[in-house]
Amino acid sequence: MNKILAFIGYFFLLLNFILFFKSIAHRGKAYRLFVFYLGLILIVQIWSELLIRQKTNNLFLSHFYFIGQFVILTLFYFNLLKKVDLQRKIVKGASITVLLILGWQYFNNPSLFFEFNLLEIFVTSFVIIIYAVFHFFNLLNEKKEFYYINIGVVMYLFGSTILFLAGNFMISLNPEINQLPWIFNSFLYIVYHVFIFVEWKKSYSKKKLNS
Amino acid sequence: MKINPAYEKELVLIILYSSLFFIVVAIVLVVFFYYSRKKIIQKEVEKRSLVIQHQREQLRAVIITQEDERKRIAQDLHDDISSKLNIVSLNSYLLNTPNLLDNEISEITKNIIDLVGKALENTRRIAHDLLPPVFDQFGLDAGVEELCLEFICSKAVQVNYKNEVEFDKADNDRHLHVFRILQELMNNSLRHGKAKNISVLFENINGGVNCRYSDDGVGFDVNSKENKNGLGMKNIESRVDLLNGMITFESELNKGIQVVFNF
C-alpha cells in the first residue's frame with residue numbers, strides 16, 4: 001500500500017519537475033529556485049530509493065532533504081517577499097539563526113547524522129510555515145502568485161512535520177502498525193504535489209497565449 | 001525498547017490524529033485567507049469605483065462649465081461687439097455715397113468713432129472678465145483686491161480682505177485656481193446667499209497657505225446632495241484637487257457659510 005502511494009508521489013514529483021523545468025527560461029528568480037527545489041527533492045528521493053534497494057540505511061538523506069528544502073525554500077520566499085522590508089529582515093535573521101543552531105548541534109553530536117534529527121525537522125518546517133504565512137499575508141490584496149504552491153507547502157508541512165517527529169520513535173514499534181503514519185505521509189505528499197501541479201496548470205501552462 | 005501492543009496502537013493513532021489536527025489547522029488558515037482576500041479585494045474595487053465616479057462627475061462639471069463659458073463669450077461677442085461693428089461698417093459704406101454734405105460726413109465719422117470706441121471698451125471688458133490683467137501682471141494679492149473692489153463697487157455687499165502671505169508670481173498658474181475659487185464663492189454669496197458682508201483671509205500655516213472665506217448670507221444645507229453635486233461646488237472641488245489641497249465647507253441655513261481650503 002505504502003509502496004503504491006509512494007510511487008504515485010514520485011510520479012507527480014517527476015511530472016511537476018518536468019513541467020516546471022520546461023519553461024524555466026523566461027521566468028523569474030523565484031520560479032527558478034522552485035524548479036531547483038523540485039530537482040533537489042527528486043534527487044534525494046531517487047537516491048534513497050537506491051539505498052533501500054541495497055538495504056543500507058538511508059536516514060542520513062533526511063538531513064539533505066530537510067536542510068536542502070529549508071535553504072532553497074528560504075531563498076524562494078526571500079525572493080517572493082521583496083516588497084516588505086521587515087519580512088525580509090525576519091527571514092534573513094531566522095534562517096541564519098536556524099542554520100547556526102543546526103551547525104552547532106551537528107558539530108557537538110555528529111552521530112545525529114544517522115537518525116531523524118527532531119530539532120532539525122521541527123525548526124526547518126516551522127520557519128518555512130512562517131514564511132508561507134507571510135506570503136499569504138502579502139497576497140491578501142495582490143495578484144495570486146505561487147498561491148497554490150503556498151497552500152501545498154503549508155498543508156504538507158503542517159501535516160508531515162509531526163509524522164517525521166515521530167519517526168525515530170516509530171522504528172521501535174511493531175512493523176505491522178508503524179507503517180500507517182508513513183502511508184499517511186505518502187498520501188499528504190501526493191496532495192502536496194497535486195497543489196504544485198494545479199499551480200502549473202493555472203499559472204504557467206498557458207504561457208503561449210500571453211507571449 | 002518494548003512497548004505493550006495495545007499502547008503501540010494507541011500511540012500510532014495519536015500521531016495520526018495530531019497530524020490530522022495540524023492539517024485541519026492548515027485548511028482553516030487557507031480558508032480564512034481565501035475569504036479575507038475576497039473581502040479585501042471587494043472593498044478595494046468598491047473604493048476605486050467610487051473614485052472613478054467622482055472623477056467622472058468632476059469631468060462632466062468641467063465640460064459643462066466650459067460649454068457655458070463659450071456660450072457666454074459668444075453672446076458677449078455677438079451682442080457687444082459684432083452689433084457695433086455692423087453699424088460701423090454700414091456707416092463706412094455711407095461715406096462712399098456721392099455728394100455728401102460736410103456736416104453729414106462729420107456726423108457719420110463721429111458715429112463711427114463713437115461706436116469703435118465702445119467696441120474697444122467692450123473688448124477690454126470681455127478680456128478682463130476672462131482673465132483680469134491685474135491678476136496676470138501683479139499676482140494673486142492684487143487680483144483678489146481688485147475683485148473685492150469690484151464687489152464693493154456694486155454697493156450690494158461689503159468685502160473685508162486681509163492677506164498675511166507673500167505670494168510668488170512664479171506660482172501664478174496655481175494661484176489662478178485660487179482666484180477662480182474665490183470668484184465662484186463670492187458670486188455664490190452674492191447671488192444665492194444674499195450676503196451683506198464677506199471676509200477673505202490668507203494666512204501662513206505649516207509652510208502652506210490657508211484661505212478662510214466666510215459670509216453672512218442665508219447659507220445652505222451642506223449635507224444635501226443637490227448642493228454637493230452643483231456645478232459650482234464640483235468646480236471648486238476640482239480646483240482644490242488640482243492644488244493638492246483640502247477644502248471644508250461649514251454652513252447652516254441662515255447662518256452664512258465658512259469655507260477653509262489650503263494650497
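Per an unreviewed UniProt entry, chain B carries the name histidine kinase and comes from Flavobacterium frigoris. UniProt's Catalytic activity (unreviewed entry) comment on chain B is quoted here verbatim: "ATP + protein L-histidine = ADP + protein N-phospho-L-histidine."

The name an unreviewed UniProt entry gives chain A is YhhN-like protein, with Flavobacterium frigoris as the organism.

S.K.: Provide a residue-level description of the overall build of chain A, including the pertinent values.
M.R.: When helices and strands are counted, chain A shows nine helices and zero strands. In chain A, the succession of helices and strands from N to C terminus is α-α-α-α-α-α-α-α-α. Out of the 211 residues belonging to chain A, those deemed buried represent 52%. Considering only contacts in chain A between residues 6 or more positions apart, those separated by 24 or more positions represent 71%. Counting only carbon and sulfur atoms, one obtains 72% of the accessible surface of chain A, whose full area is about 10800 Å².

S.K.: Describe the UniProt feature "transmembrane region" (unreviewed entry) in chain A, with residues and values.
M.R.: The residues that UniProt annotates with the feature "transmembrane region" (unreviewed entry) are residues 6-24, 31-48, 60-78, 90-107, 119-140, 147-170 and 182-200 of chain A. Structurally, residues 60-78 of chain A is divided into 100% helix and 0% strand, and its ends, taken at the C-alpha atoms, are 27 Å apart.

S.K.: Explain the pattern of salt bridges residue by residue, including any values.
M.R.: Residue and element names in this part refer to chain B. A full pass over the atoms with the stated rule returns eleven salt bridges over all chains. Salt-bridge contacts for Lys234 lead to Glu57; the nearest nitrogen and oxygen are separated by 3.4 Å. Taken together, the positions of Lys234 in helix H6 (residues 231-242) and Glu57 in helix H1 (residues 5-96) put the pair 177 residues apart, joining distant regions of the chain. Exposure remark for Lys234: the relative accessible area of 5% places this residue in the buried category. Residue Glu57 is classed as partly exposed on the basis of its relative accessible area, which comes to 25%. Its salt-bridge partner being Asp76, residue Arg72 comes within 3.3 Å of it at the nearest N-O pair. Of this pair, Arg72 and Asp76 both sit in helix H1, four residues apart, which is roughly one turn of the helix. Look at Arg72 and you get partly exposed, because its relative accessible area is 30%. The exposure class of Asp76 is buried, given its relative accessible area of 15%. Through salt bridges with shared partners, a single ionic network connects Glu69, Arg72 and Asp76.

S.K.: I'd like a rundown of helix H1 (residues 2-22) of chain A, residues and numbers included.
M.R.: Residues and elements named next belong to chain A. With 21 residues, H1 should reach 30 Å at 1.5 Å per residue; the first-to-last C-alpha distance of 30 Å fits that figure. Within H1, the full set of buried residues consists of Leu5, Ala6, Gly9, Phe12, Leu13, Asn16, Leu19 and Phe20. Viewed along the axis of H1, the buried residues span an arc of 155°, placing them on a single side of the element. Across from the buried face of H1, at angles greater than 90 degrees, the exposed residues are Ile4 and Lys22. Each element contacted by the buried residues of H1 is listed here: helix H2 (29-53), helix H6 (147-165) and helix H8 (179-204).

S.K.: Break down the interface of chain A and chain B for me, with residues and values.
M.R.: Contacts between the two partners involve 27 residues from chain A, matched on the other side by 25 residues from chain B. Of the roughly 2400 Å² buried where chain A meets chain B, counting both sides, 81% is carbon and sulfur surface. For the pair chain A and chain B, the number of links is zero salt bridges. Viewed at the interface, chain B and chain A are joined by three residue pairs in polar contact (both at pLDDT 80 or more). Taken together, the elements giving at least two residues each to the side of chain A that touches chain B come down to helix H5 (118-139), H6, helix H7 (167-171) and H8 of chain A.

S.K.: Let's hear about the sheet that holds strand E1 (residues 158-163) of chain B: which residues, and what values?
M.R.: Residue and element names in this part refer to chain B. Strand order in this open sheet of five strands is E1-E2-E3-E5-E4, and the pairing throughout is mixed. Looking at which strands have only one partner, the edges of the open sheet turn out to be E1 and strand E4 (247-251). Pairwise comparison of adjacent strand axes, ignoring direction, gives a mean angle of 10° for this sheet. Together, E1 and strand E2 (197-205) form the strand contacts of helix H3 (residues 133-153), whose direction differs from that of E1 by roughly 165°.

S.K.: Before we move on, can you summarise the confidence of the model for chain A with the specific residues and values?
M.R.: It should be kept in mind that the predicted coordinates are not to be read in detail where pLDDT is low. Here chain A averages 87 in pLDDT, and 98% of its residues register 70 or above. Least confident of the elements in chain A is helix H9 (residues 207-210) of chain A, whose mean pLDDT is 50; most confident is helix H4 (residues 85-108) of chain A, at 92.

S.K.: Could you give an account of a positive patch on the surface, naming the residues involved and the relevant values?
M.R.: Taken together, Lys144, Lys201, Lys202 and Lys206 of chain A together with Lys38 of chain B make up a surface patch of like positive charges. Note that Lys206 of chain A resides in the loop between H8 and H9.

S.K.: Quick rundown of the packing of H6 of chain A against H8 of chain A? Include the residues and the values.
M.R.: Residue and element names in this part refer to chain A. Packing of H6 against H8 leaves a shortest axis separation of 8 Å and a crossing angle of 170°. Taken as axis vectors, H6 and H8 run roughly antiparallel relative to one another. Where H6 approaches H8, its residues Tyr147, Tyr148, Ile149, Ile151, Gly152, Val153, Met155, Tyr156, Gly159, Ser160, Leu163 and Phe164 are matched on the opposing element by Pro181, Trp182, Phe184, Asn185, Leu188, Tyr189, Tyr192, Phe195, Ile196, Val198, Glu199 and Lys202. Of the residues in the contact of H6 with H8, the class split is 18 nonpolar, four polar and two charged.

S.K.: An account of the UniProt feature "transmembrane region" (unreviewed entry) in chain B is requested, with residue identities and associated values reported.
M.R.: In the numbering adopted here, UniProt assigns the feature "transmembrane region" (unreviewed entry) to residues 12-35 of chain B. The span residues 12-35 of chain B shows a helical share of 100% and a strand share of 0%, and its end C-alpha atoms are spaced 35 Å apart.

S.K.: Let's hear about unusual backbone geometry: which residues, and what values?
M.R.: Positive phi values are uncommon outside glycine, yet Phe146 of chain A reaches one of about 55°. As for its placement among the helices and strands, Phe146 of chain A is situated in the loop between H5 and H6. The buried category is assigned to Phe146 of chain A, whose relative accessible area is 3%. Within the chain, Asn244 of chain B stands out as a residue other than glycine whose phi angle is a positive 55°. Tracing the sequence through the fold places Asn244 of chain B in the loop between H6 and E4.

Criteria and thresholds
Residues numbered from 1 in each chain as written. Chains lettered and ligands numbered in written order. Predicted model: local features only at pLDDT ≥ 70, side-chain atom pairs only at ≥ 80, totals over all residues. Heavy atoms only, no water. UniProt positions renumbered as here; feature names shortened; annotations may be inferred. Helix = DSSP H or I, 4+ residues; strand = E, 2+ residues; numbered from the N terminus. Buried < 20%, exposed > 50% of the residue type's maximum accessible area, 1.4 Å probe, protein only. Contact = heavy atoms within 4.5 Å. Areas by Shrake-Rupley, 256 points an atom, 1.4 Å probe, with all protein chains shown as cover. Salt bridge = Lys/Arg side-chain N within 4 Å of Asp/Glu carboxyl O. Expected span 1.5 Å × (residues − 1). Arc of directions from axis to C-beta. Buried area = accessible area lost by both parts, 1.4 Å probe. Polar contact = N/O pair within 3.5 Å; in protein donor to acceptor, adjacent residues only side chain to side chain. Pairing = 2+ DSSP bridges. Axes fitted to C-alpha atoms, helices over the stretch in contact; angles between N-to-C directions. pLDDT = per-residue confidence, 0-100. Patch = residues over 30% accessible without salt bridge, like charges linked within 9 Å, V, L, I, M, F, W, Y side chains within 5 Å. Lys, Arg positive; Asp, Glu negative; His and termini not counted. Charge placed at Lys NZ, Arg CZ, Asp CG, Glu CD. Parallel < 35°, antiparallel > 145°, perpendicular 65-115°, else oblique. Nonpolar A, V, L, I, M, F, W, Y, C, P; charged D, E, K, R; others polar.

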